Amino acid sequence: MLNLSELSVGTVALVSSIVHGIHGQGLATRLEAMGIMPNKPIQVLRKAWLGGPIHIRVGTTTELVIRRQEAKNILVHPAQQSRNA
């Protein structure tokens, strides 16, 4: 299992869980309010240089920019892709 900050740009994954870490339940509640919740697809669109923020897409329409420190609290696993072509 990876955390969101380790995901490569362009990769789609599913959220496994949100770790409370040093921010406590408040961060988990805030992320869920923005749509980041278990079994929701998430994709990294861009990563800023020098440890800057990460631009992500949650679901199919919501785009957010979050700090890498917060992204480390979001655990993800790779999404299964269908091979029907």
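Refer to the structure presented above.
The present account deals with the structure reproduced in this document.

Rules behind the numbers
- Residues numbered from 1 in each chain as written.
- Predicted model: local features only at pLDDT ≥ 70, side-chain atom pairs only at ≥ 80, totals over all residues.
- Heavy atoms only, no water.
- Core = buried A, V, L, I, M, F, W, Y, C linked by side-chain atoms within 4.5 Å.
- Buried < 20%, exposed > 50% of the residue type's maximum accessible area, 1.4 Å probe, protein only.
- Helix = DSSP H or I, 4+ residues; strand = E, 2+ residues; numbered from the N terminus.
- Pairing = 2+ DSSP bridges.

## Some remarks on the nonpolar core
In terms of nonpolar packing, the biggest core is built from 19 residues, with L4, I36, I42, I56, I74 and V76 touching the most fellow members. The set of elements that each furnish at least two residues to this core consists of strand 2 (12–18), helix 1 (25–33), strand 3 (41–47), strand 4 (54–58), strand 5 (62–66) and strand 6 (74–78).

## So, the pairing of strand 2
Examined bridge by bridge, strand 2 and strand 3 share 3 bridges and lie antiparallel to one another. Residue pairing for strand 3: L14 is matched across the bridge by P41. Pairing analysis gives 5 bridges linking strand 2 to strand 6, with the strands arranged antiparallel. The residue bridging V15 from the neighbouring strand is V76, located in strand 6.

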